[in-house]
Amino acid sequence: MNETTPQVVKDRTLAAKVAAGDRDAFDLFFKEYFPRLFRFTLTRVDNNVELAEEIVQRTMCIVVRKMGTYRGEALLFTWLCQICRNETSSVFRQRKIEMQEDLPIEDHPAVQAALESAGADDGRPDAALRREEIANFVRVTLQHLPSNYAEALELKYVQGYSVREIASKLHIGEKAAESILSRSRAAFKERFKAIWDIEPNFLVD
Amino acid sequence: MSEESDKRVDAVDDDAALASIIKLAGERPDIPLAVESRVYHRVEEEWRNATVSQNSDEVYRKVRSSWRRGNLMRWILPAGVAATAVIATVFMSQPDPVAVRVAATVSTVVGAEQFGAKYASGAEIHAGDMISTGEGEGLSLLLARNESLRIDENTELRVDAADQYTLLRGRVYADTGQFIYRNGGLKIDTPLGLVTDVGTQFSVTARGESLDVAVREGRVDVQTATDVHAARVGERLLLAPGEGATVTDLDTHDDYWDWIVDLTPAFDLTNRSLLDFLKWAARETGRELIFISDESRMSAMRTDVHGSVSGLTPEEALQAILATTTVRYRIERDKIVIES
């Protein structure tokens, strides 16, 4: 990514502060990226919490050492994910765990198949399997959103909270909750399109 | 209002479609607090080793050296820059002089109504301004980079630039943060010498011809006409003409620092975690923040705070905010210990 988006500018600033020894920036970095990276990793290690812990720890240790080299060619989270994939392979090799293929979920054959058939009425009987495949698209997309956006979408659409309840849970006003939901929705659609190259609505039968 | 909010949110054309696919994802898996705290502990250790030299004097020399290089460039570059500037000014309009000269904004004001009217909260302070406080008056300024300067009663301070002040008489307290790798330090000039910092909390008192510098965190240098002195955390440096320098110990939470409490800039709780708040309270009271476990630190990081602590002292704010949580704490001599 060569274009300078507001997120890239924020990422560069954060990385520079962390690299320079700013403790508040380090805490902010950890608070924002640890949960996203951990969930990203869990999906790649069959939900093995112990393995995910080791991989995420190794990844973040590498990242904080290299933070001064981050130039914003990709989003900070994308950079973290690349390093995380390498560390996943490395941990699997060291532990002699058989790894089918070191593929990100978005490249997994089952997900690719779902992408190819997305939106098409192909008469497949395995509706449950297809729902799970679509659910994987959504989970991956949510991992690529800022934590507060993913949380707002989950509160609204998965847990079914009202705007007032979301405002209360996030300790913000109703107007601010409306605004964050609007931005989260836009960000979700944008990320979804960027990752999968299809509109999310295309998946709805 | 609430139903209207829901209607507005749900009225978006593709809301139903989005709702149906996001719902499929289900709730995101919870991350065990113990896992998060273990990873934090190890990554934080790695980060500290990667960014902070074990030898603080070496760090200090590097920072000073980079500042000196910056100063040198100010002399080397002007020849070329000046020529360019002469040509450029022919074609370019002058910048807005007011925007350039804003050095700080007023944060907290203590004193009679008349003094408050002169220095309203949020008022701009410009280079060239002279600030005078009388008996029972004081104010705090917010500087660039989140730094702050508190001005005690019976003080006269001239604003020379955003990062340079001249203390003619009285006492000031500067908090320039923990971010030591910044471009240049805050300079407080006095009749007896120039005081500069490397990211710290310190006070400077000019009384007659004597100079009194107390350091609560970090380190400051004092340059007189003939010598350079250093004062480190927990030290108080006294200079008087013909008497040389005297250094004594001063606790970071000593009563000496009480005068700054009423001038503490309000801590804005918007979008801040309990950890942010606790760090602020510890810093303002000159104490170290200790968590008895990594889990308690993680828990503070995950907890958002809300409300307002405006008008409360840091210790009162600590009591008020923690009363709304399940967190237990105790204040020891030089520590705030978070127990759960």
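The numbers attached to residues start from 1 for each chain and follow its sequence in the written order. Written order determines the labels here, with chains lettered from A and ligands numbered from 1. Whole-chain, interface and lining totals are the exception, using all residues; otherwise, since this is a predicted model, local features are given only for residues with pLDDT of at least 70 and side-chain atom pairs are given and counted only at 80 or more. Values shown for side chains rest on all heavy atoms present in the structure; no hydrogens or waters enter the calculation.

**Digging into the overall build of chain A**
In step 1: The helix count covers DSSP runs of H or I at least four residues long, the strand count covers runs of E at least two residues long, and both are numbered beginning at the N terminus. Across its full length, chain A holds nine helices and zero strands.
In step 2: Helices and strands in chain A line up, N terminus first, as α-α-α-α-α-α-α-α-α.
In step 3: The method behind every accessible area is Shrake-Rupley, applied with a 1.4 Å probe, and residues are considered shielded solely by the protein chains displayed. Element-wise, carbon and sulfur atoms account for 49% of the exposed surface of chain A, whose accessible area totals about 9,700 Å².

**Quick look at the pattern of salt bridges**
In step 1: By definition here, a salt bridge exists when the distance from a side-chain nitrogen of Lys or Arg to a carboxyl oxygen of Asp or Glu is within 4 Å. Taken as a whole, this structure holds 31 salt bridges over all chains when the rule is applied.
In step 2: Residue A:E53 pairs with B:R38 through a salt bridge whose shortest N-O separation is 2.7 Å. Of this pair, A:E53 sits in helix α3 (residues 49–66) while B:R38 sits in helix α3 (residues 33–51), which puts the two residues in different chains.
In step 3: For every residue, the accessible area (1.4 Å probe, protein chains only) is compared with the maximum for its type, and the residue is labelled buried under 20%, exposed over 50%, or partly exposed between those bounds. The class for A:E53 is buried, based on a relative accessible area of 8%.
In step 4: On the accessibility criterion, B:R38 (36% relative accessible area) is partly exposed.
In step 5: Residue A:E154 is joined to B:R28 by a salt bridge in which the shortest nitrogen-to-oxygen separation is 2.6 Å. Of this pair, A:E154 sits in helix α7 (residues 147–158) while B:R28 sits in the loop between α2 (15–25) and α3, on two different chains.

**Quick word on the sheet that holds strand β17 (residues 329–331) of chain B**
Residues and elements named next belong to chain B.
In step 1: Taken in spatial order, the three strands of this open sheet run β16-β18-β17, and their pairing is mixed. Only two strands of the sheet have a single neighbouring strand rather than two, namely β16 (288–291) and β17. Neighbour-to-neighbour, the strand axes of this sheet turn through a mean angle of 15 degrees, independent of strand direction.
In step 2: One requirement defines pairing of two strands: DSSP has to find at least two bridges between them. The pairing of β17 with strand β18 (residues 335–338) spans three bridges and is antiparallel. For R330, the partnering residue across the bridge sits in β18 and is V337. Orientation is described by axes fitted as lines to C-alpha atoms, over the contacting stretch for helices, and by angles from 0 to 180 degrees between their N-to-C directions.

**Remarks on helix α2 (residues 23–42) of chain A**
Residue and element names in this part refer to chain A.
In step 1: Over its 20 residues, α2 runs 28 Å from end to end, which matches the ideal 28 Å to within 8%, given 1.5 Å per residue.
In step 2: A bend of about 35 degrees at Y33 is the largest found in α2, and the proline P35 appears one to four places after it.
In step 3: Taking burial as the measure, the 20 residues of α2 include 15 buried ones, the bulk of the element.
In step 4: Capping of α2 at its N-terminal end is provided by D22; its side-chain oxygen lies 3.0 Å from the backbone amide nitrogen of D24. Here a helix's expected span is defined as the number of its residues, less one, multiplied by 1.5 Å. Think of it this way: the bend at a residue is just the angle between two axes, each fitted to seven residues, one set ending at that residue and the other starting at it. Here a polar contact means two N or O atoms within 3.5 Å. Within protein one must be a hydrogen donor candidate and the other an acceptor candidate, and residues neighboring in sequence count only if both atoms are side-chain atoms.

**As for the confidence of the model for chain B**
Residue and element names in this part refer to chain B.
In step 1: pLDDT is a residue-level measure of predictor confidence that goes from 0 to 100. Taken residue by residue, chain B gives an average pLDDT of 82. The fraction at 70 or more is 80%.
In step 2: In the predicted structure, residues 86–91 sits below a pLDDT of 50 and forms zero contacts with residues beyond four places in sequence or in another chain.
In step 3: The contact criterion used throughout is that any non-hydrogen atoms of two residues lie within 4.5 Å. Segment residues 93–100: pLDDT under 50, and two contacts once partners within four positions in sequence are set aside and those in other chains are kept.
In step 4: The ipTM for the predicted assembly is 0.75, set against a pTM of 0.65.

**Here's the deal with the pairing of strand β12 (residues 219–224) of chain B**
Residues and elements named next belong to chain B.
In step 1: Most of β12 is tucked away: five of the six residues are buried.
In step 2: Sheet topology note: the strand β9 (residues 193–197)/β12 ladder contains five bridges and is antiparallel. Residue T196 lies in a different strand from β12, and its bridge partner there is D221.
In step 3: Relative to strand β13 (residues 228–232), β12 is paired through five bridges, and the arrangement is antiparallel. Bridging across to β13, R219 finds its partner in R232.
In step 4: In this antiparallel pair of consecutive strands, β12 and β13, the connection spans three residues.

**Digging into the interface of chain B and chain A**
In step 1: Taken together, the contacts link 48 residues of chain B with 55 residues of chain A.
In step 2: Between chain B and chain A, roughly 5,100 Å² of surface is buried when both sides are summed, and carbon and sulfur atoms account for 65% of that area.
In step 3: Among the residues of chain B in contact with chain A, B:I22, B:R28 and B:W47 are the three that bury the most area, contributing 16% of the side total.
In step 4: Viewed at the interface, chain A and chain B are joined by nine salt bridges.
In step 5: B:E46 is the salt-bridge partner of A:R65, the closest N and O atoms lying 2.5 Å from each other.
In step 6: When contributions to the side of chain B that touches chain A are tallied by element, the ones reaching two or more residues are α1 (2–10), α2, α3, α8 (274–284) and α9 (294–302) of chain B.
In step 7: Ranked by residues supplied to the side of chain B that touches chain A, first place goes to α3(B) with 13 residues. Buried area: the accessible area, evaluated with a 1.4 Å probe, that two parts lose upon being put together, summed over both parts.

**Looking at helix α8 (residues 163–170) of chain A**
Residues and elements named next belong to chain A.
In step 1: Among the residues of α8, those classed as buried are V163, I166, A167 and L170. Seen along its axis, α8 keeps its buried residues to an arc of 100 degrees; they face one direction.
In step 2: One or two residues past the end of α8 sits H171, with phi positive at roughly 60 degrees. Think of it as the arc spanned by the lines of direction from the helix axis to the C-beta atoms.

**A look at the confidence of the model for chain A**
All names here are of chain A.
In step 1: Taken residue by residue, chain A gives an average pLDDT of 80. The fraction at 70 or more is 78%.
In step 2: Within chain A, α3 carries the highest mean pLDDT (94), whereas helix α5 (residues 109–117) carries the lowest (51).
In step 3: Throughout residues 118–123 the model reports pLDDT below 50, and contacts reaching past four residues in sequence, or to other chains, amount to eight contacts.

**Describing the pairing of strand β7 (residues 164–175) of chain B**
Residue and element names in this part refer to chain B.
In step 1: Most of β7 sits out of view: nine of its twelve residues are buried.
In step 2: Pairing analysis gives four bridges linking strand β5 (residues 148–151) to β7, with the strands arranged antiparallel. Paired with R150 across the two strands is Y173, which belongs to β7.
In step 3: Bridge count between strand β6 (residues 156–161) and β7: five bridges; the pairing is antiparallel. Looking across to β7, one finds that R158 is bridged to T166.
In step 4: Linking β6 to β7, which pair antiparallel, is a turn of two residues.
In step 5: In the sheet, β7 pairs with strand β10 (residues 201–207) via six bridges, with the strands oriented antiparallel. The residue bridging D175 from the neighbouring strand is Q201, located in β10.

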